[in-house]
Amino acid sequence: MARVASNPFGLHRFRPSFQSPRFIQNQTPFHYQNNNKTRRFRSISIACQTNPDPTEPSSTEKPVVEPDTSNEASSSTVESGSPVFPNKVINKQIAVVSTLAALGLFLSARLDFGVSLKDLSVAALPYEQALSNGKPTVVEFYADWCEVCRELAPDVYKVEKQYKDRVNFVMLNVDNTKWEQEIDEFGVEGIPHFAFLDKQGNEEGNVVGKLPRQYLLENVDALARGEASIPHARVVGQFSSAEARKVHQIVDPRSHG
């Protein structure tokens, strides 16, 4: 009678080795009979096999591929909301655009606000000629030291440029003793003082001090259209006192300033 082993699986002995073992699984079916029934089992044998050549690649080993984390790092940086600083080219472009914008603002401001009282007085018509050419006239009494006069110079220039073909514009400097009679005649107590005269030289009204340009524009427009009256005949704003004028000798008797 055959002796049945207690372990149905056959384990092969292996000899120890200092090299790293490699396990090979070998499955072979076997049969045994019990009570006239045949059963099939798979015999699993485990053997230890050393790799004699360490450089020989294993057929079962798969290369380890490290994931590319560069895209993930960049995406995580964008998602985290970290600021991205522009490079030097962008900085230079921004600097050039800013410089051009500042220059444009400066030039536009210079064109609008760079008009001085001297420029207006040079372009103004002489008083005697204005009274004799048959056009309505705007007479401005001013002084070089008058802050309000300097502030209103750009507004006066714009109105004058618009109506210079139909209306006379005269500038009389209150520091010039030549105009003492006119100062008293028009009752100039504060400057700038704008007197609006019709074609015959009669005063229709006056505006004194710092007021919106619309006041001056509407009065000049009424003169140009030959209206019997002006819309702002007696208006007073912030002004400089004419009593503070610095009287000086006339350098040029022909000067109308």
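Treat the numbers as computed from the prediction; the structure is a model and nothing was measured.

**Student:** Hey, could you run me through the overall build of the chain in this one?
**Tutor:** Counting its regular elements, the chain contains seven helices and nine strands. A buried classification covers 28% of the 257 residues belonging to the chain.

**Student:** I would appreciate a short explanation of the pairing of strand β7 (residues 203-208) in the present structure.
**Tutor:** Sheet faces and side chains relate simply in a regular strand, where the side chains alternate between the two faces. For β7, the buried fraction is high: five of the six residues fall into the buried class. In this structure, strand β6 (residues 193-197) lies alongside β7, joined through five bridges in antiparallel fashion. Within β7, the position partnered with Leu 197 by the bridge is Glu 203. Hairpin geometry of β6 and β7 is characterised by an intervening segment of five residues between the two adjacent antiparallel strands and by a positive phi of about 90° at Gly 201.

**Student:** I keep staring at the pattern of salt bridges and nothing clicks. Help me out?
**Tutor:** Side chains that differ in sign of charge can pair as their charged atoms come close. Under the counting rule described, the total for this entry stands at four salt bridges. Ionic pairing is found between Glu 147 and Arg 150, a salt bridge with its closest N-O pair at 2.4 Å. Placement of the pair is Glu 147 and Arg 150 together in helix α5 (residues 147-163), with a separation of three residues, close to one helical turn. We classify Glu 147 as partly exposed; its relative accessible area is 46%.

**Student:** Explain the sheet that holds β6 here, please?
**Tutor:** Sheet strands line up and pair through hydrogen bonds in the backbone, either parallel or antiparallel. Reading across from one edge, β4-β3-β6-β7-β8 is the order of the five strands in this open sheet, with mixed pairing throughout. Where the open sheet ends on each side, the last strands, each with one partner, are β4 (168-173) and β8 (234-236). The average undirected angle you get between the axes of adjacent strands in this sheet is 15°. Packed on one face of the sheet, α5 meets β3 (137-142), β4 and β6 and runs near 155° to β4. Strand contacts of helix α7 (residues 213-224): β3, β4, β6, β7 and β8, with the helix running at about 20° to β6, the strand carrying the most contacts.

**Student:** Just checking my understanding: could you explain the layout of surface pockets for this structure?
**Tutor:** Where empty space is left can be seen by rolling a probe of water-molecule size over the atoms. Taken as a whole, the largest pocket holds about 240 Å³ of empty space. Lining the largest pocket are 14 residues, with Ala 123, Glu 160, Lys 164, Val 167 and Phe 169 sitting closest to its centre. Put simply, the parts of the chain that give the lining of the largest pocket at least two residues each are α3 (117-123), α5 and β4. No other element matches α5, which puts three residues into the lining of the largest pocket. Taken together, the residues of the lining of the largest pocket sort by class into seven nonpolar, three polar and four charged.

The rules we used
Residues numbered from 1 in each chain as written. Predicted model: local features only at pLDDT ≥ 70, side-chain atom pairs only at ≥ 80, totals over all residues. Heavy atoms only, no water. Helix = DSSP H or I, 4+ residues; strand = E, 2+ residues; numbered from the N terminus. Buried < 20%, exposed > 50% of the residue type's maximum accessible area, 1.4 Å probe, protein only. Pairing = 2+ DSSP bridges. Salt bridge = Lys/Arg side-chain N within 4 Å of Asp/Glu carboxyl O. Axes fitted to C-alpha atoms, helices over the stretch in contact; angles between N-to-C directions. Contact = heavy atoms within 4.5 Å. 1 Å grid on protein atoms, 1.4 Å probe; cavity = no way out; pocket = protein on both sides within 12 Å on 5 of 7 lines; lining within 4 Å. Points joined across faces, edges and corners; volume = space filled by probe spheres on them. Nonpolar A, V, L, I, M, F, W, Y, C, P; charged D, E, K, R; others polar.

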